[in-house]
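Geometric and topological summary
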Amino acid sequence: KVQKKGSISDSEFKYLKKMKFIEGRKSNIYLSFKVVQSTLNQGVKAQYINHKSFDDDYFKKIILEYLKKFNNASRKDFEALLIPKLSTTLTEVQKKSKVGNLLSMLRLENKIIVGAKKQWYLSEV
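Residues numbered from 1 in each chain as written. Predicted model: local features only at pLDDT ≥ 70, side-chain atom pairs only at ≥ 80, totals over all residues. Heavy atoms only, no water.

Some remarks on the overall build of the protein
For the protein, the count of helices and strands is six helices and five strands. Overall, the protein shows an N-to-C arrangement of helices and strands of α-β-β-α-α-α-β-α-α-β-β. In terms of C-alpha radius of gyration, the protein reaches 18 Å, well past the compact-globule figure of 14 Å for 125 residues. With the C-alpha coordinates aligned to their principal axes, the bounding extent of the protein is approximately 50 × 30 × 25 Å. Taking all 125 residues of the protein together, the buried fraction comes to 31%. (Helix = DSSP H or I, 4+ residues; strand = E, 2+ residues; numbered from the N terminus. Rg over C-alpha atoms; globule rule 2.2 N^0.38 Å. Buried < 20%, exposed > 50% of the residue type's maximum accessible area, 1.4 Å probe, protein only.)

Written out as structure tokens, the structure reads:
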């Protein structure tokens, strides 16, 4: 049911989550690494990576690398760079919010600053 995007009951969800057969939230669940690693179906493995995406540190490194090479960027530049790499389970609104959250995290860590005309720069600190 999960692989075919069928609906599952609350008790099925709790059981599958407890057994670590699924990951994600009730509205967006997918097969876990525990299940996917043993399959020979490459499509299922690729689908897992598309759902799982990468961790925040990976995206932060991409942002910092972009700023090192190009000195500044707008939010639209970062959205064009990162949105295609984000999990396919996220909506467009969630993806844009994720980009904003990543920029805010880096700003709060004093790694980047926002300057004139809403351009992002590496911090001097």
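Let's talk about the sheet that holds strand β4 (residues 112-114)
Judged by pairing direction, the sheet is antiparallel, and its three strands sit side by side in the order β3-β5-β4 without closing on themselves. Looking at the sheet topology across the chains shown, the edges are occupied by β3 (72-73) and β4. Pairing between β4 and strand β5 (residues 120-122): three bridges, direction antiparallel. Bridge pairing in β5 places I112 opposite L122. (Pairing = 2+ DSSP bridges.)

A short note on the environment of P84
Turning to its location among the elements, P84 is positioned in the loop between α5 (75-82) and α6 (92-108). The class for P84 is exposed, based on a relative accessible area of 65%. For the pair P84 and E12, spaced 72 residues apart in sequence, the C-alpha separation works out to 32 Å.

Some points on the pairing of strand β2 (residues 28-31)
Strand direction decides the pairing type here: strand β1 (residues 22-25) and β2, joined by four bridges, are antiparallel. Residue pairing in the sheet places I22 in a bridge with L31 of β2. Where β1 folds back onto β2 in an antiparallel hairpin, the turn is made up of two residues.

Looking at the pattern of salt bridges
Opposite charge on two side chains permits them to pair, given that their charged atoms come into close proximity. For the structure shown, the criterion picks out six salt bridges. Between D56 and K98 there is a salt bridge whose closest N-O contact spans 2.5 Å. With a gap of 42 residues between them, D56 in helix α4 (residues 56-70) and K98 in helix α6 connect regions that are remote in the sequence. The class for K98 is partly exposed, based on a relative accessible area of 23%. (Salt bridge = Lys/Arg side-chain N within 4 Å of Asp/Glu carboxyl O.)

Quick notes on a nonpolar patch on the surface
Together, I49, F54 and Y58 give the surface a local cluster of nonpolar side chains, amounting to about 270 Å² of exposed area. Mapped onto the elements of the fold, Y58 is located in helix α4. Judged by relative accessible area, Y58 falls into the partly exposed class, the value being 33%. (Patch = residues over 30% accessible without salt bridge, like charges linked within 9 Å, V, L, I, M, F, W, Y side chains within 5 Å. Areas by Shrake-Rupley, 256 points an atom, 1.4 Å probe, with all protein chains shown as cover.)

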